[in-house]
Amino acid sequence: MSTSIRLRIPASSEWVVLARTTATACCARLDFDVERLEDVRLAVDEVAGLLIAQAVPGSEISCVFTPYDDGRLDIALSAATDTGVLPQTDTFAWAVLTALVDDVRATVDAAELTVVLRTSRDATTAVDA
Amino acid sequence: MTDPVVVPDQGTVVDHVPEPRSTSRWGDAERVRERALIALMADTDPDDPTHRRARDELVTLHLPLVQFLARRFRDRGEPLEDLVQVGTIGLIKAVDRFDPQRGVEFSTYATPTIVGEVKRHFRDKGWAIRVPRRLQELRISLGRATAELSQKSGRAPTVAELAAHLGISEDEVIEGLEGAQAYSTTSLDAHVGGDDGEESPSLVDRLGGEDLDLAAVEYRESLKPLLAALPSRERRILALRFFHGMTQSEIAAEVGISQMHVSRLLAKSLATLREGMTLET
């Protein structure tokens with residue numbers, strides 16, 4: 001069983017703090033140690049920065065946090081985009097993301113770019129295919 | 001790679017640590033020893049164990065100077081232990097760069113380097129967003145508690161453990177962690193042409209060796225100057241975290257600062273790089 005927390009923020013760096021704090025609260029609830037927690041916060045910052053750069057001006061970023069009983073946490077951030085382009089995976093930003101969380105996935109359709117972060121309380125879990 | 005100097009636990013710093021040169025603890029014997037060690041370092045190869053031992057002893061000998069200088073900056077919202085720690089990094093840099101030929105006393109030479117490092121620490125904190133004093137204090141308690149609990153259990157504590165240890169609510173801990181990250185998002189200028197220019201070759205550079213291997217990174221042309229503009233320590237921390245896969249705690253131990261400080265510097269560096277990239281495109 002799991003519950004999701006949903007948050008919508010303006011696609012602007014000044015509101016990213018809310019996504020970060022919500023992520024922190026989820027991590028705390030799952031009993032993450034502070035080091036992992038800080039990694040998640042850095043990752044949320046990074047994804048938000050990536051999405052803000054591509055978001056349609058004046059649009060919102062939707063954030064869905066899903067903590068699981070087994071200590072896993074999924075964070076999906078999406079932005080309205082009209083470019084329909086997946087983020088490059090050979091960039092520094094992507095290298096940073098993959099180092100911070102267990103798994104990062106990006107999906108895009110005509111209207112929306114979504115990045116899903118998966119992390120977990122315990123040491124790196126195998127990423128299911 | 002140069003051996004890291006093991007800095008002994010500082011313990012409680014006594015209320016008044018006088019200027020080393022005027023104390024009985026720093027007498028002729030110490031000065032003679034200091035000269036001998038400096039001469040020994042000058043005469044031996046950096047890889048020579050004798051050189052390394054002399055270097056370690058020289059650092060240890062001058063720790064009271066670091067404590068004295070660090071104390072000048074207390075009551076500014078940073079724990080004295082942290083200031084002593086960063087000041088010690090300055091001392092190590094001074095030991096490595098001291099040139100006895102110049103004819104100045106070592107302590108005269110070391111003082112500005114130590115003070116510079118302490119000042120840089122305050123600058124790194126980058127309280128650009130005004131953080132209420134209560135939060136700053138909370139952050140300091142969190143930093144201390146994190147270090148203490150990590151040492152006890154061998155892993156970083158959880159929010160619940162921090163709350164129990166400090167006798168505050170988990171919400172307050174979360175609030176404090178956010179306050180801890182109140183780094184500036186517009187600090188791009190703050191570090192361009194920073195102190196690092198004249199500090200060549202710095203200890204971190206010599207310890208370094210690792211450079212961000214960016215061959216595979218697409219943005220490398222625009223990223224390169226941004227990375228170059230970061231202070232060498234920040235660059236090194238980024239490399240250790242993202243290219244060598246070290247944890248924040250491992251980096252903290254290697255660089256000689258607290259895990260919270262590492263996390264703060266990482267967040268700030270990434271924000272700087274992000275902002276630079278955005279300006280670029």
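Residues numbered from 1 in each chain as written. Chains lettered and ligands numbered in written order. Predicted model: local features only at pLDDT ≥ 70, side-chain atom pairs only at ≥ 80, totals over all residues. Heavy atoms only, no water.

Caption draft 1: Quick peek at the environment of I237 of chain B. Residues and elements named next belong to chain B. With respect to the secondary-structure elements, I237 resides in helix α12 (residues 232-242). Take I237: its relative accessible area is 0%, and that puts it in the buried class. Linking I237 and S269, residues 32 residues apart in sequence, is a C-alpha distance of 9.4 Å. Ignoring anything within four residues of it in the chain, the contact list for I237 reads I251, V255, I257, V262, L265 and L266. (Helix = DSSP H or I, 4+ residues; strand = E, 2+ residues; numbered from the N terminus. Buried < 20%, exposed > 50% of the residue type's maximum accessible area, 1.4 Å probe, protein only. Contact = heavy atoms within 4.5 Å.)

Caption draft 2: Spatial organisation of the packing of helix α2 (residues 34-54) of chain A against helix α3 (residues 92-100) of chain A. All names here are of chain A. Remark: α2 packs on α3, axes separated minimally by 9 Å, with the N-to-C direction vectors making an angle of 150 degrees. As the angle between them shows, α2 and α3 are arranged roughly antiparallel. In this structure, α2 crosses over α3, and the sense of that crossing is left-handed. Where α2 approaches α3, its residues D39, L42, A43, E46, V47 and L50 are matched on the opposing element by A93, V96, L97 and L100. Each residue belonging to the contact of α2 with α3 can be placed in one class, and the counts come to eight nonpolar, no polar and two charged. (Axes fitted to C-alpha atoms, helices over the stretch in contact; angles between N-to-C directions. Parallel < 35°, antiparallel > 145°, perpendicular 65-115°, else oblique. Left-handed = near helix turned anticlockwise from the far one by under 90°. Nonpolar A, V, L, I, M, F, W, Y, C, P; charged D, E, K, R; others polar.)

Caption draft 3: Structural detail: the packing of helix α1 (residues 28-43) of chain B against helix α2 (residues 49-61) of chain B. Residue and element names in this part refer to chain B. Orientation of α1 relative to α2, taken along the N-to-C sense of each, is 145 degrees, at an axis distance of 9 Å. Regarding α1 and α2, the two cross each other, and that crossing is left-handed. Residues E30, R33, E34, L37, I38, L40 and M41 of α1 lie in contact with α2, whose contacting residues are T50, H51, A54, R55, E57, L58 and L61. Counted by class, the contact of α1 with α2 contains seven nonpolar, two polar and five charged residues.

Caption draft 4: Summary view of helix α7 (residues 159-166) of chain B. Residues and elements named next belong to chain B. Those residues of α7 that fall on the buried side of the exposure criterion are V159, L162 and A163. Down the axis, α7 shows its buried residues gathered within 100 degrees of arc, on one side only. Among the residues trailing α7, G167 stands out with phi positive, at a value near 65 degrees. (Arc of directions from axis to C-beta.)

Caption draft 5: Seen up close, the pairing of strand β3 (residues 72-80) of chain A. All names here are of chain A. Of the strand pairs in this sheet, strand β2 (residues 60-67) and β3 are connected by seven bridges, and their pairing is antiparallel. Among the inter-strand pairings, T66 is bridged to a residue of β3, identified as D74. Counting the residues that bridge the hairpin from β2 to β3 gives four residues, and of these G71 lies at a positive phi of roughly 95 degrees. Of the strand pairs in this sheet, β3 and strand β5 (residues 112-120) are connected by nine bridges, and their pairing is antiparallel. Bridge pairing in β5 places I75 opposite L117. (Pairing = 2+ DSSP bridges.)

Caption draft 6: The arrangement of the interface of chain A and chain B in detail. Taken together, the 26 residues of chain A in the interface contact 32 residues of chain B. Taken as a group, V34, E35 and F92 of chain A account for 28% of the area that chain A buries against chain B, more than any other trio of residues on that side. Linking chain A with chain B are two salt bridges, by the criterion used here. Residues E46 of chain A and R274 of chain B are paired through a salt bridge, measuring 2.8 Å at the closest nitrogen-oxygen approach. Linking chain A with chain B are 10 residue pairs in polar contact (both at pLDDT 80 or more). Every element with two or more residues in the side of chain A that touches chain B is listed here: α1 (16-29), α2 and α3 of chain A. If you tally residues by element for the side of chain A that touches chain B, the top one is α2 of chain A, at 10 residues. Looking at the side of chain A that touches chain B residue by residue, the classes come out as 11 nonpolar, five polar and 10 charged. (Buried area = accessible area lost by both parts, 1.4 Å probe. Salt bridge = Lys/Arg side-chain N within 4 Å of Asp/Glu carboxyl O. Polar contact = N/O pair within 3.5 Å; in protein donor to acceptor, adjacent residues only side chain to side chain.)

Caption draft 7: Main features of the packing of aromatic side chains. All names here are of chain B. Under the definition given, this model contains two aromatic pairs over all chains. An angle of 90 degrees between the planes, with centres 5.2 Å apart, marks the rings of F98 and F106 as edge-to-face. A single burial state applies to F98 and to F106, both of which are buried. Connected via pairs of aromatic rings, a cluster forms that spans F98, F106 and Y109. (Phe/Tyr/Trp six-rings, centres within 6.5 Å; stacked < 30°, edge-to-face > 60°.)

Caption draft 8: Local environment of the confidence of the model for chain A. Considering every residue of chain A, the mean pLDDT works out to 88; 94% of them sit at 70 or more. Per-residue pLDDT stays below 50 along residues 125-129 of chain A; that stretch engages in seven contacts with residues further than four places along the chain or on separate chains. (pLDDT = per-residue confidence, 0-100.)

Caption draft 9: Up close: the sheet that holds strand β1 (residues 5-10) of chain A. Residue and element names in this part refer to chain A. Strand order across the open sheet formed by five strands is β1-β2-β3-β5-β4, with antiparallel pairing between neighbours. Each of the sheet's edge strands pairs with one partner strand only, and the pair in question is β1 and β4 (103-108). Pairwise comparison of adjacent strand axes, ignoring direction, gives a mean angle of 15 degrees for this sheet. Strands β1, β2 and β3 of the sheet are contacted by α1, whose axis makes an angle of about 160 degrees with β1. α2 rests against β2, β3 and β5 of the sheet, and its axis sits at about 175 degrees to β5.

Caption draft 10: Looking closely at the pattern of salt bridges. Enumeration according to the criterion identifies 17 salt bridges over all chains in this entry. Two residues, R36 of chain A and D102 of chain A, come together in a salt bridge whose shortest N-O distance is 3.2 Å. With a gap of 66 residues between them, R36 of chain A in helix α2 and D102 of chain A in the loop between α3 and β4 connect regions that are remote in the sequence. Relative accessible area serves as the criterion here: at 18%, R36 of chain A is assigned to the buried category. Salt-bridge contacts for R33 of chain B lead to E57 of chain B; the nearest nitrogen and oxygen are separated by 2.7 Å. Remark: E57 of chain B occurs in helix α2 and R33 of chain B occurs in helix α1; sequence separation between them is 24 residues. Owing to a relative accessible area of 38%, R33 of chain B belongs among the partly exposed residues under this scheme.

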